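Structure at a glance
Chain residues, written in single-letter form:
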Amino acid sequence: MKKSQILIIVALVILLLALNWMTRNDFAGKEYFGGLPWYGWAGISLFLIVIGAAFAIRDAARARKLLEEPPPVHVDEADQRIYLSKELLEKYDPDGPNYPHPVIVAERCIGCHACVDACPHDVLAIVNGISTPIARDQCMEDTSCQVECPVNPKACIVVNTTKKIMPRKVPRRDASFMTDVPGVYIIGDVSGTPLIKNAANEGAAVVIHIAHELHASNGNGGPPQAQYDVAIIGAGPAGLSGAVMAKRLGLRFIGIEQDTVMSTIVKYPKGKYVFLKPETMEWTGGIRLPGLEEYVEEMIEEMMDEPQRAQAAALLAAERAGTLDDTGRQLLVNARDRYQAYLEIEAGFESPFPDAKKFAEWQLDVSALNERAARAKAPNATDDDRRAALAALLERARLFRDAGKPGLFTFAMWDYARALKLDPTNAEALEAIEDGARRLARAREKFEALLDAEDKSALSELLQKERENTIKETEVGQLDRLRKAAAQRYGERMEAEVESGKMPAERYEALQDARHKVAGDQREVLLNTWFKNMAENGVAINENESCKAVKKATDGDYFNVETVKAGEKVNYTARRVILAIGTAGTPMKLKVPGEALKVKLPDGTEEDRQVQVTRDGKVEDKVKYKLNDPEAYKSKKIIVVGAGNSAIEGAVDLVARRSGDQIEFRPPEETNEVTLLVRSDLKNDLKFGNKIQIYDCIDAGKIKVYFGAAIKEIRDDEVVVVNARNPDDVKATIKNDYVFAMIGGDKPTKFLEAIGIKIG
Ligand SMILES: Cc1cc2nc3c(=O)[nH]c(=O)nc-3n(C[C@H](O)[C@H](O)[C@H](O)COP(=O)(O)OP(=O)(O)OC[C@H]3O[C@@H](n4cnc5c(N)ncnc54)[C@H](O)[C@@H]3O)c2cc1C
Ligand code: SF4
Ligand code: SF4
C-alpha cells in the first residue's frame, strides 16, 4: 500500500472517532464506545481492512502485470512510458522494488549527467562514468530523468509508474532540417536529435543540402545580395562539422559562437570517455574522428615486414596521391590481407569448438607448442632447442589449419616462414619470431582500444587469463563474445570487401568501414583532433560573440543576423542560417563593470601562467559562467555567485573533493578561499545533498557566505560586494582572482520563438 493510502485511512479513523465522541449518547444498560456500540466499530474496522486489502491486491497485481505482460501498445502517441521486459528488468533491476523508480540500461548510458541534473531528489548519481540509482526510495515519480535522457532508445527508464510521460517539445523541421521559417535550418541537440555523432552528421548533411539549394536558386534568383551564403550559429559538433563542410564546398560562411569552439565538450569532466553512439550509425560528419584514418594506416604498417615497413608511410601517401606503382600496390594488398587475417583471429570466426572443454584442450596443445618454440629463445638454448622450436612453429600452424582457423594458420605460417628464411641458429631468426609476437601484441592492444571501456577491461582481463591458462570454462564463452564484438566493430565490413575482392583496391572503402566502428575516445583526444582538423581546413569561428536575433530581410532572399561581441552590436547578412545552438542556453551575465576583465598575468611560475592562458594563447577571462575543472584551481581567491545547484556544487568542489555522497575537505595547500554570494536565499529546488554539503563547508569555515548580497564592481584583484536591495550599501571589498557567476540563463526556446520557429 502507498503511504498516501495509509494516511487517508488513518485520517478517516480519526474523523470517525471525533464524530462519535461529539455525538455520543449513553443508553441505559448498553456499553457504548464513543457514539457507537462495539459492533459498529467492528463493522468500520472490517470495512477499512477490506479497503486496505483491496488496495494492496491491486498494487501487487499491477506490479506483477508490469513484470509478466508483454508491453502494451501505446494508445497515446504523446505518452512516453516505456515498459521493460521481464528479462531486461532481471538484468538491470534485479532486486528492484515495486514502487516507481528509475532503471539504467548501462550499455546505452553515455554518462551525460542529464538525468542526474534533472532529478530533484538525488536519486541518481554518476558512478564510474555511468548513471546509477543510488537512492531509489527517494524517487517521487516526476519522471524528468527519463524525459531528459538524450539517447535513443532511452537509457534511463522510470518503471512501475502509472504517470503519463510527456515527450520534450522540440522545434519543427522538415527532412532537409528546415524550420517553419524558410531558409532557417536547425540541427543537433537543439532540434531534439541528441548525441555527438548525430550532430556532426547533420552539420555536414545540412550544408551539402544548402549548397545544392543555393546552386539551384542562383539560376533564377539573380546575384546574392548578402555578405555570406550561410551563417552558422553555434560551434559544437553540429556547427563545426557544418563549417568545415562549408569551407570544403567553397561556400561563403560565417561561424558565430557565444563561448569557445566545442564549449559543451570542453566543459565535460576532464578525461571523460566520450561515447560515439549509436555504433550502428556511420560517421559522416565534416570533422574527422581521432585516430580513424591514422589507425587504419598504422595497422597496415604493422602488418608489413621490414624493410618495406619503413616505407609504409610513403606508400600510403603515394596511394592517397594516386601515384602508387604496382609493387607498392601489391605490398599494401598483402598488408591488408594480413590485417584481415588478424581480424579473423580476434573474431574467432566460425569456431570449430562449440564445446568449451574441447576448446580448452586445444588451447593447451597450442600453449605447449608455444612453450617449445619459446625455449629456443633462452640464452643457453642449444641447436636442438632451436630445431625443436622450428618444428613446434610448423606443428602449431598445422593445428590451426586442421582446426579450420584460416587466420591463425596464416599467422603461424608467417612466423614459421620468417624463422625458416633466416638461419635458425642465428639470433636474428629468434628476434624475428619475437618481433612477430610483439607486432601482434601491439595490434591487439590497439584493437582492444576500440571497445567500450567496460568491455575493454573485461576483454583484457580474460585475454590475460587465457595467456596464463587460468581461464575458466565458464569464461570462455564471454571471451568469445567479446572478441566477436570487437571484430564486428572493425572487421565485419572489411571482411565482406576482402571476400568480394574490393577492399585492397579501394582505400576509401577501408576508411569508410572504420568510420562507424570507433566506439569513442577520451574528451582530450577528440577535442585535439577537432581543433587540429579545424586549423587544417582553415576554418575560422568568431568566438565570444553571441547571436541575439535572426530576421528575414525585406528586400531580398537573405537574413539579418544580429550579434553582440564585447558589448557591441554587430549585423551580418546571410542567405541561409543554420542554428546549431545546443540546449544549454545562454548564461546570464552579471551586468556589472569589470565583467569583461581578463585575469592578470602573474609574475609567478610557468604553472600559474598555464592555468591562466587558454589553448590559443589568449589570456583567460576573469569571470566564468561554468566550473569545468575544479582541480585547476588551488590557493585562489574565488567568488561564486548563485543559489542554485550548479553554484553550490561549484563552491563545494573548490574546497572539497567528493566520494559518493560524502565530501572530504582539501588539504590547506590545495584549497581555495571561497566566498559565496546569494542574492536572497538558497533556491527552493536545491538538492538535499547539496544543502547538507554547503552547510558542512560553511560550518567548517571553508566557505564564507553573504546572503542578500550582489556584486557592484569587479576590479583587477578585488570585488566590491553590496546589499542586493541597496547598491550604495557596501558590505565588503573582497580580494579576488576569479568570479564564477552561476546564476542561470536563457533557454534556447525563447530565442527560437523570437525568430518565428514553432516548437512542438
Ligand atoms: C556531461 C555531458 C556528457 C556527454 N557525453 C556524451 C557522450 O559521451 N557521447 C555523446 O554522443 N554525447 C554526449 N553528450 C551530449 C553531447 O554533448 C551533445 O549531444 C552534443 O554536444 C550536441 O552537439 P551540438 O553541436 O548540437 O550542440 P552543442 O555541443 O551544445 O553546441 C552548441 C554551441 O552553440 C553555442 N551557442 C548557443 N547559443 C548561441 C548563440 N545564441 N550564439 C552563438 N552561439 C551559441 C554554445 O555555446 C555551444 O558551443 C554529453 C553531454 C554532456 C552535458
Ligand atoms: S527525476 Fe523523478 S522519476 Fe526520475 S529518479 Fe528523480 S524523482 Fe524519480
Ligand atoms: S541521461 Fe541517459 S545517457 Fe545521460 S547519464 Fe542519464 S541515463 Fe545516461
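Residues numbered from 1 in each chain as written. Chains lettered and ligands numbered in written order. Predicted model: local features only at pLDDT ≥ 70, side-chain atom pairs only at ≥ 80, totals over all residues. Heavy atoms only, no water.

**Describing the overall build of the protein**
Of regular secondary structure, the protein possesses 23 helices and 24 strands. Split into buried and exposed, the 760 residues of the protein put 44% on the buried side. Taking contacts inside the protein between residues at least 6 apart in sequence as the whole, the part at least 24 apart equals 66%. Looking at the protein as shown, the accessible area adds up to about 39,000 Å², and 54% of this sits on carbon and sulfur atoms. (Helix = DSSP H or I, 4+ residues; strand = E, 2+ residues; numbered from the N terminus. Buried < 20%, exposed > 50% of the residue type's maximum accessible area, 1.4 Å probe, protein only. Contact = heavy atoms within 4.5 Å. Areas by Shrake-Rupley, 256 points an atom, 1.4 Å probe, with all protein chains shown as cover.)

**Quick notes on the site of ligand 1**
Around ligand 1 sit 31 residues, and of these Asp-189, Glu-257, Thr-264, Tyr-268 and Phe-275 come closest. Asp-189 has a polar side-chain atom sitting 2.8 Å from an oxygen atom of ligand 1. Backbone polar atom of Ala-238 to an oxygen atom of ligand 1: 3.0 Å apart, as the coordinates give it. Burial of ligand 1 by the protein chains amounts to 92% of its free accessible area of 1,000 Å². Elements supplying a minimum of two residues to the shell around ligand 1: helix 6 (196-221), helix 7 (237-248), helix 8 (263-266), strand 8 (273-275) and strand 10 (545-552). A breakdown of the residues in the shell around ligand 1 according to their chemical character gives 17 nonpolar, nine polar and five charged. Domain assignment of the residues forming the shell around ligand 1 places at least three in each of domain 2 (86-159) and domain 3 (184-272 + 524-579). (Near = heavy atom within 4 Å. Polar contact = N/O pair within 3.5 Å; in protein donor to acceptor, adjacent residues only side chain to side chain. Nonpolar A, V, L, I, M, F, W, Y, C, P; charged D, E, K, R; others polar. Domains from an automatic or database assignment.)

**Let's talk about the pairing of strand 19 (residues 703-707)**
Successive side chains on a regular strand alternate, one facing one side of the sheet and the next facing the other. Relative to strand 19, strand 18 (residues 673-678) runs parallel, the two sharing five bridges. When the bridges of strand 19 are listed, Leu-677 appears paired with Tyr-706. Between the parallel elements strand 18 and strand 19, the chain passes through helix 22 (residues 688-699) in a crossover that is right-handed. (Pairing = 2+ DSSP bridges. Right-handed = clockwise from strand over helix to strand, strands pointing away.)

**A short note on the sheet that holds strand 18**
Read across the open sheet, the five strands follow the order 14-23-15-18-19; overall the sheet is parallel. Two strands close off the open sheet at either side, each with one partner strand: strand 14 (623-624) and strand 19. Along the sheet, helix 22 makes contact with strand 18 and strand 19, crossing strand 19 at roughly 110 degrees. (Axes fitted to C-alpha atoms, helices over the stretch in contact; angles between N-to-C directions.)

**Here's the deal with the pattern of salt bridges**
Applying the stated rule across the entire model yields 24 salt bridges. For Arg-252, the salt bridge goes to Asp-229, with nearest N and O atoms at 3.0 Å. Taken together, the residues Arg-252 in the loop between helix 7 and strand 7 (253-256) and Asp-229 in strand 6 (residues 228-233) connect sequence positions 23 residues apart. On the basis of relative accessible area, Arg-252 is assigned to the partly exposed category, the value being 33%. Owing to a relative accessible area of 9%, Asp-229 belongs among the buried residues under this scheme. Salt bridges here are not isolated pairs; linked through shared partners, they connect Glu-213, Lys-552, Asp-557 and Arg-576. (Salt bridge = Lys/Arg side-chain N within 4 Å of Asp/Glu carboxyl O.)

**Some thoughts on the packing of aromatic side chains**
Inspection of every chain in the model, using the stated rule, returns four aromatic pairs. Here Tyr-228 and Tyr-572 contribute two aromatic rings whose centre-to-centre distance is 6.3 Å and whose plane-to-plane angle is 65 degrees, an arrangement assigned as edge-to-face. Note that Tyr-228 is positioned in strand 6 and Tyr-572 in strand 12 (residues 568-579), a separation of 344 residues in sequence. Its relative accessible area of 21% is what places Tyr-228 among the partly exposed residues. Of the residues examined, Tyr-572 reaches a relative accessible area of 10% and is grouped as buried. Ring centres of Tyr-633 and Tyr-738 lie 5.0 Å apart, and the angle between their planes is 85 degrees; this geometry places the pair in the edge-to-face category. Residue Tyr-633 is found in the loop between strand 14 and strand 15 (637-641), and its partner Tyr-738 is found in strand 23 (residues 738-741); the two are separated by 105 residues along the sequence. (Phe/Tyr/Trp six-rings, centres within 6.5 Å; stacked < 30°, edge-to-face > 60°.)

Without other data, these values stay purely geometric and don't point to any function.
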